[in-house]
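# Architecture and fold: a report
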Amino acid sequence: MTANLDDWRTLAEKETGADPDALVWRTAEGIDVKPLYTQADIADLDDVDSLPGFEPFLRGPRATMYAHRPWTIRQYAGFSTAEESNAFYRKALAGGQKGLSVAFDLATHRGYDSDHPRVVGDVGKAGVAIDSVEDMKILFDGIPLKEMSVSMTMNGAVIPVLASFIVAGEEQGARRAELSGTIQNDILKEFMVRNTFIYPPEPSMRIVADIIEFTAREMPRFNSISISGYHMQEAGATLVQELAYTLADGREYVRAALARGMDVDEFAGRLSFFFCIGMNFFMEAAKLRAARLLWTRIMQEFGPKKPQSLMLRTHCQTSGVSLQEQDPYNNIVRTAYEALAAALGGTQSLHTNSFDEAMALPTEFSARIARNTQLILQHETGITRVVDPLAGSYYVERLTNDLAEKAWALIEEVEALGGMTKAVAEGLPKMRIEEAAARKQAAIDRGEEVIVGVNRFRPAVPDHVDILTIDNRKVRAKQIERLDRVRRARDGERCRQALAALEAVARSGQGNLLAAAIEAARARASVGEISGAMENAWGRYDAETHLVTGVYGKAYEGDRRYEQVRAEIAAMAADLSRRPRVLVAKVGQDGHDRGAKVIASAFADLGFDVIVGPLFLTPQEAADLAVAERADVIGVSSHAAGHLTLAPMLLEELARRGAADKLVICGGVIPLQDYDALKKAGVAAIYGPGTNILDSAENLLALLRERLRGRNR
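Residues numbered from 1 in each chain as written. Predicted model: local features only at pLDDT ≥ 70, side-chain atom pairs only at ≥ 80, totals over all residues. Heavy atoms only, no water.

### Brief notes about the overall build of the protein chain
Stated precisely, the cut-off is as follows: Put simply, DSSP H or I for four residues or longer makes a helix, DSSP E for two residues or longer makes a strand, and each gets a number counted from the N terminus. The rule is simple: take the accessible area with a 1.4 Å probe, protein chains only, and divide by the maximum for that residue type; under 20% is buried, over 50% is exposed, in between is partly exposed. Any two residues whose heavy atoms approach within 4.5 Å at even a single point are treated as in contact.
For the protein chain, the count of helices and strands is 28 helices and 16 strands. Considering only C-alpha atoms, the protein chain reaches an extent of 85 × 75 × 50 Å along its principal axes. Within the protein chain, the proportion of its 713 residues that are buried is 60%. Restricting the contact set of the protein chain to residue pairs at least 6 apart, pairs at least 24 apart contribute 79%.

Listed below in structure tokens is the structure:
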């Protein structure tokens, strides 16, 4: 006799002593996940029987997927100088990597040359420093660009970087039409989450359209845009938010290209996407399937004639936020599961993070483990033998549909606001993502979301991990020396004319910005000079910072310890006749502000008077702001390895202003090996990745009491 669902419920209740509905799990996306799925759960779904390679591409954009050719192993890397990154690339390619993915330093991202005073702590730290065509030529020395696919994560300074790449390729002997790869060129998500923008939104969207137009006509093998949800999830977005806002961004870029008079089939087949893959295994696989389904629906609005114009093709990267400093070898396991989810979801290329990236840039040792994770998946597990092996799973098919429905509701909400550009300008996606980040952090701090080795099952003795250390001062000095040589050797008048022509194109709105920038790069104008020519026309954009409040505190309603910390802060406020004041400062060119915003939100809910400083402060500007706002504490948020340079500079600037009694604390991606140097410089406390916010608040209160007692003596 075959058991039915009622039989199962009876047996489940007998096993658990409760109604099995009590086992339903509500995800952060608001999806109720049942403990059992059956045929009935997919009976009403329309696309379950679709086939790979055919609309709506639910089961994959290609008919044979990995059975014919596995995904591309494309590791994201870059650090220090072009010479050092080139050596790293060559070793990775010899070890089985199939494509290059370039990480640029923050000075380059923000359109500054290495000699600019605002980037003292950023040159070569979180990526490779590129100042000119000469750097780009060294970066790809011995790597034939007519054969190698190159992906570049670049958005703000996308025009000078892509122009320099094209000229470097041509001078290596490759025609433009032979260059293959992808440029990210996704500025809307920068205004939402990552913040490496340079210009205001309107001219930034012109840059996107100019690149789509130029590459469609001159570079048929090159993907003109990689529409990125990765940074949204890293900033705290739920998977529904990542899915919806990424596809809404894509729709906006298509409209921008069509507004140029381009035919949709001229460029749509060269659009690509970029998603983050976190630890919710089945939901991540379902997300990629839902993305293909929804993108087909969106693109059908534009009436393309080619099936390729309806396909969503994507690169994926395992999550950086899921990596933990505590018990770091667990990260190898996390990355392996995330990589498997990406493969089962049908990604076209993949980057696997290294286990030490919660602390620093990856070493060759850790990068080899990350690369081999993919090689093992491709060659040892058998998952490449079958197209879409999760298809037909009651759970996965239902989950795919539920994700698609919830994401479509958010996409429609964006449409009601007038499209993604207007939604971004109003700050809606950014606010929603920041609220989700605060809720997630509260769940981790309360232990409701278990992170092995962090809030449960912590090792008694922490592991020592060797990390890659970059001498920022040495790298910057070398870059400035090469930049000086380039400027001395070039034809100065030719360079000035090319930059003037680029500025005229930017001011007039006539002509193509990338075409003009290529001529400037050929004349050996630097990245900063090309970026500066457009800045002369449009100005540099300053984003407003807003603080989300009430979300973190709501998660702690009724919690005894939380209320005790609030009471202690209130008592200190009574003693001071004001609330203790904390300035949360992002110093340097790092725009990743999830950690800073979550801390600011939580501390405000606890009762601190929190000031969130503007992005991209210099140490001098941070010191001036701290004095003007009469801050008791300056919390420096570090994500991009500039802390050893920038935190000591801030302390020196405070001392010059007679404010050495202010507490300076640091938080973020700071390896244990750097703690002694920071404390020796005068940093009062360091809160590394995974620090419980209530723990940090209690520690800070103790430090403040001690400092205030010292003032009163």
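### A few points about the side chain of Asn-330
Worth spelling out the cut-off: Whenever two N or O atoms come within 3.5 Å, that pair is a polar contact, provided that in protein one can donate a hydrogen and the other can accept it, and provided that, for residues adjacent in sequence, both atoms are side-chain atoms.
Mapping Asn-330 onto the fold places it in helix α13 (residues 330-345). Within polar-contact distance, the side chain of Asn-330 engages the backbone oxygen of Val-452 at 3.4 Å. When residues no more than four places from it in sequence are discounted, the contact partners of Asn-330 are Val-452 and Gly-453.

### Let's talk about the sheet that holds strand β3 (residues 72-77)
In plain terms, the rule: Only when DSSP finds a minimum of two bridges between them are two strands counted as paired. Helix axes are fitted only over the stretch in contact, all axes being lines through C-alpha atoms; the angle between N-to-C directions runs from 0 to 180 degrees.
In space, the nine strands of this open sheet follow the order β7-β6-β5-β4-β3-β11-β10-β9-β8, with parallel pairing throughout. Either end of the sheet is taken by a strand with one partner, and the two such strands are β7 (222-223) and β8 (225-228). Note: strand β5 (residues 150-152) against strand β6 (residues 181-183), three bridges, orientation parallel. Bridge assignment links Val-150 to a residue of β6, and that residue is Gly-181. Across the face of the sheet, helix α10 (residues 239-258) comes into contact with β8 and β9 (271-277) while running at roughly 165° to β9.

### Notes on the environment of Arg-656
Among the structural elements, Arg-656 can be located in helix α26 (residues 643-656). Residue Arg-656 is classed as exposed on the basis of its relative accessible area of 60%. Residues Arg-656 and Gln-620, spaced 36 residues apart in sequence, show a C-alpha to C-alpha distance of 9.9 Å.

### Remarks on the pattern of salt bridges
Definition in use: Salt bridges, as used here, are contacts in which a Lys or Arg side-chain nitrogen is within 4 Å of a carboxyl oxygen on Asp or Glu.
Enumeration according to the criterion identifies 61 salt bridges in this entry. When the shortest N-O distance is used, the salt bridge between Asp-559 and Arg-446 registers 3.5 Å. Of this pair, Asp-559 sits in the loop between α22 (551-555) and α23 (560-576) while Arg-446 is found in the loop between α17 (428-445) and α18 (472-489), placing the two residues 113 residues apart along the sequence. Its salt-bridge partner being Glu-653, residue Arg-656 comes within 2.8 Å of it at the nearest N-O pair.

### A closer look at the pairing of strand β12 (residues 581-585)
Note the threshold: Handedness of a crossover is defined as follows: orient the strands so they point away from the viewer, and if the path from the first strand over the helix to the second runs clockwise, the crossover is right-handed.
Counting buried residues along β12, five of its five residues qualify, which places the element largely inside the surrounding structure. Taking every second residue as pointing to the same face, both faces of β12 are buried, with Arg-581, Leu-583 and Ala-585 on one and Val-582 and Val-584 on the other. Note: β12 against strand β13 (residues 609-612), four bridges, orientation parallel. Residue Arg-581 lies in a different strand from β13, and its bridge partner there is Asp-609. In this view, the connection linking β12 to its parallel neighbour β13 by way of helix α24 (residues 594-606) has right-handed handedness.

### Regarding the packing of helix α6 (residues 158-172) against helix α21 (residues 527-538)
Where we set the bar: When describing relative orientation, an angle under 35 degrees is termed roughly parallel and one over 145 degrees roughly antiparallel, while 65 to 115 degrees is termed roughly perpendicular and anything else oblique. With the far helix as reference, a near helix turned anticlockwise by less than a right angle produces a left-handed crossing, and one turned clockwise produces a right-handed crossing.
Running from amino to carboxyl end, α6 crosses α21 at an angle of 135°, the nearest separation of the two axes being 8 Å. Relative to α21, α6 is oriented oblique. With respect to the hand of their crossing, α6 and α21 are arranged in right-handed fashion. Contacts between α6 and α21 involve Ile-159, Pro-160 and Ser-164 from the first element and Val-527, Ile-530, Ser-531 and Met-534 from the second.

Read these as spatial facts, not as claims about activity.
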